[in-house]
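Residue-level structural notes
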Amino acid sequence: MTSQLDKDNLPEHIAIIMDGNGRWAKAKNRPRLFGHNAGMKTLKKIVRASSDAEIKILTVYAFSTENWKRSKEEVDGLMNIAVEYFRKEIGELNQNNVKINVIGNLTGLGQKVREASENAMKTTAANTGLLFNVALNYGGRDDITHAVKEIIRAGISPEEVTEQDISDRLYTKGQPDPDVLIRTGGEGRFSNFMLWQFAYTEFFFTDIYWPDFDEKSYYEIIESYQKRDRRYGSVK
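For clarity, every value in this text was computed on a predicted model and none was experimentally measured.

1. Section: the UniProt feature "active site" (unreviewed entry) in the chain
Per the UniProt record, "active site" (unreviewed entry) is found at Asp-19 and Asn-67. The largest pairwise C-alpha distance within this set of annotated residues, which runs over 49 residues, is 12.4 Å, so the set is compact in three dimensions. Ignoring any residue separated from it by four or fewer positions in sequence, one finds Asp-19 in contact with Arg-183, Thr-184, Gly-185, Glu-187, Ile-208, Tyr-209 and Trp-210. Examined against the element boundaries, Asn-67 turns out to sit in the loop between β2 (57-64) and α3 (72-95). A distance of 2.8 Å separates the side chain of Asn-67 from the backbone nitrogen of Ser-64, its partner in a polar contact.

2. A closer look at the pattern of salt bridges
Pairs can form between side chains of opposite charge once their charged atoms are near each other. Overall, the coordinates contain 15 salt bridges when judged by the stated rule. A salt bridge links Lys-88 to Glu-84; the shortest N-O distance between them is 3.6 Å. Of this pair, Lys-88 and Glu-84 are both found in helix α3, four residues apart, which corresponds to roughly one turn of the helix. Overall, Lys-88 belongs to the exposed group, its relative accessible area being 55%. Ionic contacts of the salt-bridge type, sharing partners, join the residues Asp-19, Arg-23, Arg-183, Glu-187 and Arg-189 into one network.

3. Section: the UniProt feature "binding site: Mg(2+)" (unreviewed entry) in the chain
Mapped onto the present numbering, the UniProt feature "binding site: Mg(2+)" (unreviewed entry) falls on Asp-19 and Glu-202. Turning to its location among the elements, Asp-19 is positioned in the loop between β1 (13-17) and α1 (21-27). Residue classification places Glu-202 among the buried residues on the basis of a relative accessible area of 15%. The contacts of Glu-202, once residues within four sequence positions are left out, are Asp-179, Val-180, Leu-181, Tyr-225, Arg-228 and Arg-230.

4. A few points about helix α7 (residues 215-226)
For α7, with twelve residues, the first-to-last C-alpha span of 17 Å sits near the 16 Å given by 1.5 Å per residue. Turning to α7, its buried residues are Ser-217, Tyr-218, Tyr-219, Ile-221, Ile-222, Tyr-225 and Gln-226. Of the surrounding secondary structure, the elements contacted by the buried residues of α7 are β1, α2 (32-52), β2, β5 (180-183) and β6 (202-205). Looking at where α7 begins, the residue whose side-chain oxygen comes 3.3 Å from the main-chain nitrogen of Lys-216 is Asp-214.

5. Topic: the packing of aromatic side chains
Taken as a whole and judged by the stated rule, the model has 16 aromatic pairs. Between Trp-24 and Phe-34, the ring centres sit 5.6 Å apart and the planes meet at 10 degrees, which makes this aromatic pair stacked. Placement of Trp-24 in helix α1 and of Phe-34 in helix α2 is noted, with a sequence separation of ten residues between them. On the accessibility criterion, Trp-24 (12% relative accessible area) is buried. Ring plane angle 35 degrees and centroid distance 5.9 Å describe the contact between Tyr-218 and Tyr-219, whose orientation is recorded as tilted. The exposure class of Tyr-218 is buried, given its relative accessible area of 0%. Among the residues examined, Tyr-219 registers a relative accessible area of 4% and is labelled buried. Every member of this aromatic cluster is reached through a ring pair, and the members are Tyr-61, Tyr-138, Tyr-171, Phe-190, Phe-193, Phe-198, Phe-203 and Phe-205. Seen from the ring of Phe-204, Arg-228 lies directly overhead, with NZ or CZ sitting 3.8 Å from the centre.

So, how was this worked out
- Residues numbered from 1 in each chain as written.
- Predicted model: local features only at pLDDT ≥ 70, side-chain atom pairs only at ≥ 80, totals over all residues.
- Heavy atoms only, no water.
- UniProt positions renumbered as here; feature names shortened; annotations may be inferred.
- Contact = heavy atoms within 4.5 Å.
- Helix = DSSP H or I, 4+ residues; strand = E, 2+ residues; numbered from the N terminus.
- Polar contact = N/O pair within 3.5 Å; in protein donor to acceptor, adjacent residues only side chain to side chain.
- Salt bridge = Lys/Arg side-chain N within 4 Å of Asp/Glu carboxyl O.
- Buried < 20%, exposed > 50% of the residue type's maximum accessible area, 1.4 Å probe, protein only.
- Expected span 1.5 Å × (residues − 1).
- Phe/Tyr/Trp six-rings, centres within 6.5 Å; stacked < 30°, edge-to-face > 60°.
- Lys NZ or Arg CZ within 6 Å of the ring centre and 35° of its normal.

What follows is the structure, encoded as structure tokens:
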């Protein structure tokens, strides 16, 4: 399937809001965590598909700062799934030269998740393939607030602050902004995800629930992206 993609016009950075796990499970009369576990299997496919397509950066919205409002059972389940994912997949990810980077407020996470995240990053730190950002306890507003606090600590005066100063202090510092945002599950918003970074991102919303999203759907969106004319506010 990757042969159909224009290798000279690949998105450098793809971001994904993995939505629809709970509704997918509900349609099958199963608990929400059943859907989240199914979603983890989809994530494995899409990470591999990204590497195969030579995408440089993949960022997924795994757990938002707002997700703490969900039931304790679901929050605990999501944290356990994150730990399981890092522990089970780290070997294959490392073998495939994937570099894991967990973004968000890690200090707000439980010890098990924090340790699993830090171990995954340490194990894959030297890898040079796909950069895989996993957004855990992440919020776009929190990201910007964090950057502003760093600017204040650095003693930069308001008159001297530039857009680059903010970009350099975000959790994604040093990375290009996403070229593509994909949101599965039929919703048409980006739910406090990468608010600063999405300034010129191309949005793609699909009704497919995340557990049913596959490589074919993923590559079709990349093909659609390649047909878009990105002008960044100018006229060609």
